[in-house]
Amino acid sequence: MKYSKPRGTEDIYYEKFDALENLFIKLKKFSNNYNYRQIITPTFENINLFKTSIGNNTDIVTKEMFLLKNKSNDIFVLKPEGTASVARAIIENKLYNSSNKQIKFFYLDSLYRYERPQRGRLRQFRQFGIENIGIKNYLVDAETILFSIRCLEILGIKNNIVHINSLGNENTKKIYKEKLLKFLLQKEICNDCKIRINNNPLRILDCKKDQKEFIKIPKIYNFLEDKEKKYLDNIIKLLKINNINVVLNNNLVRGLDYYTEVVFEVSNDTSNWSQNTLIGGGRYDNLYKKLGGNDCPAFGFGMGIERVLILLENSEIKKYKNIDLFLISLSEKSYELSFKISDFLRKKNFIVEMNLDNTKSLKQQFKLSDKYNSKNVIIIGDKEVKENRVNIISKTNNKEIKNIEINKINKFL
Ligand code: HAM
């Protein structure tokens, strides 16, 4: 029987693994500059956590969760997103009771959604997420959105566009929904949107099929209270001052119910593939209370790592580090010396490979060193063992050969 990986998942190795690791290192370092600390939450959580937070009528909860059942018939799901888990962890561990400063967490997590797989849309995908908890102020929103763009930039992704919108408070949303329903009743809308009308009418705004029907759709901005408009305008102003390309997008609503007021997405100007939303996030001030915690404002975002990797396909981040040294051995005694040298150098943090198939000829071993793209090669024969000196052939420097003492190889490398 042949086995294959589940649809929408990936095996990650070689260059792609290196790129992923490189990206994680950069994002971790950069998050520390903003004083964010990392959090790891379980891979699976109780199903009700997501029903309560993301919303019972959302696509994620109705169609996309992977379910797990234990012997006592408790139902868990593989995490479809990180925000609810972080909130659960903060409430459960009483993290916000001990101080009144902001809680700033980031995570690098595998998430699971049963979606139709395509380029940049997987069933197991990775997300870099940020949650900034404790303060409601437009400065927090602006700083976090700016941070999201700077994250893309340090990874080498330029020309990003921020789409921003405000969904208003509960009252604004209620008034707007009534107006929207009146408008939609006169329009021909697709079957999905007919279902959404009852469940979640705001989601109709970002339906890709019905956009031509929506040219004169009421704009949510016109229903916002003055202070909500000012809040949004202040964010846009601050982002523009920092040279961020930001557009007000009245149709942006996002697919998770916990958002209140400001929501945003970041897409890339230079890519013309359909899944080019790299980042999505916004404010969610009611979630903590809903999950049984204190009233606690929060703002955050998630960045799709696979989508970022697609954009970085030909960049430096994908390049594999060449090995520093390949050891060729010609006799039994020379293998003993190769073991010694490789052990010594690896402990000093050099990347060393040596031939371990002692039936291979000198020529075959040389070919192997080419395959490893080694920067340097040493050939060890009986003479080298006797003299305790070796010839190092530099492959990067026109095959220059240097004869040096064994205990000085590390200095040379
Ligand atoms: P989201 O919009 O569902 O938000 O996901 C954020 C990002 O994750 C998307 O913009 C996309 O780049 C990536 N993504 C989502 N689904 C997939 C998929 N199936 N395959 C590949 N990439 C995907 C959230 O998850 C929120 N928790 C973000 C947030 C954090 N809001 C506040 N704090």
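Only a predicted model underlies this, so the values are computations on that prediction, with no experimental measurement involved.

**Q** Where do I start with the overall build of the protein chain in this structure?
**A** Along the backbone of the protein chain there are 14 helices and 16 strands. Dimensions of the protein chain along its principal axes, counting C-alpha atoms only, are 90 × 55 × 50 Å. Relative to its full complement of 413 residues, the protein chain shows a buried share of 50%. Contacts spanning at least 24 positions in sequence make up 69% of the contacts within the protein chain whose residues lie at least 6 apart. Averaging the coordinates of the 71 positive side-chain charges in the protein chain and doing the same for the 49 negative ones gives two points 1 Å apart.

**Q** Help me understand the side chain of Asn-160, please; the structure alone is not making it clear to me.
**A** Here Asn-160 shows up in strand 7 (residues 160-166). On the basis of relative accessible area, Asn-160 is assigned to the buried category, the value being 8%. For Asn-160, the side chain forms a polar contact with the main-chain oxygen of Ile-157, separated by 2.9 Å. Looking at Asn-160, its side chain comes within polar contact range of the side chain of Asn-268, at 2.8 Å. Dropping the residues within four chain positions of it, Asn-160 is found in contact with Ile-149, Leu-152, Glu-153, Asn-245, Val-266, Ser-267, Asn-268 and Leu-278.

**Q** Mind showing me how you'd approach the layout of surface pockets here?
**A** Take a probe with the size of a water molecule and roll it over the atoms, and the empty space left behind shows itself. The volume enclosed by the second largest pocket comes to roughly 350 Å³. Looking at the second largest pocket, it is lined by 20 residues, and the ones nearest its centre are Glu-170, Lys-173, Asp-257, Tyr-258 and Tyr-259. When contributions to the lining of the second largest pocket are tallied by element, the ones reaching two or more residues are helix 6 (170-185) and helix 9 (287-290). Counting residues per element, the lining of the second largest pocket draws most heavily on helix 6, which supplies 4 residues. Its residues placed into classes, the lining of the second largest pocket shows 8 nonpolar, 4 polar and 8 charged.

Calculation notes
- Residues numbered from 1 in each chain as written.
- Predicted model: local features only at pLDDT ≥ 70, side-chain atom pairs only at ≥ 80, totals over all residues.
- Heavy atoms only, no water.
- Helix = DSSP H or I, 4+ residues; strand = E, 2+ residues; numbered from the N terminus.
- Buried < 20%, exposed > 50% of the residue type's maximum accessible area, 1.4 Å probe, protein only.
- Contact = heavy atoms within 4.5 Å.
- Lys, Arg positive; Asp, Glu negative; His and termini not counted.
- Charge placed at Lys NZ, Arg CZ, Asp CG, Glu CD.
- Polar contact = N/O pair within 3.5 Å; in protein donor to acceptor, adjacent residues only side chain to side chain.
- 1 Å grid on protein atoms, 1.4 Å probe; cavity = no way out; pocket = protein on both sides within 12 Å on 5 of 7 lines; lining within 4 Å.
- Points joined across faces, edges and corners; volume = space filled by probe spheres on them.
- Nonpolar A, V, L, I, M, F, W, Y, C, P; charged D, E, K, R; others polar.

What is shown is where atoms sit, not what they do.
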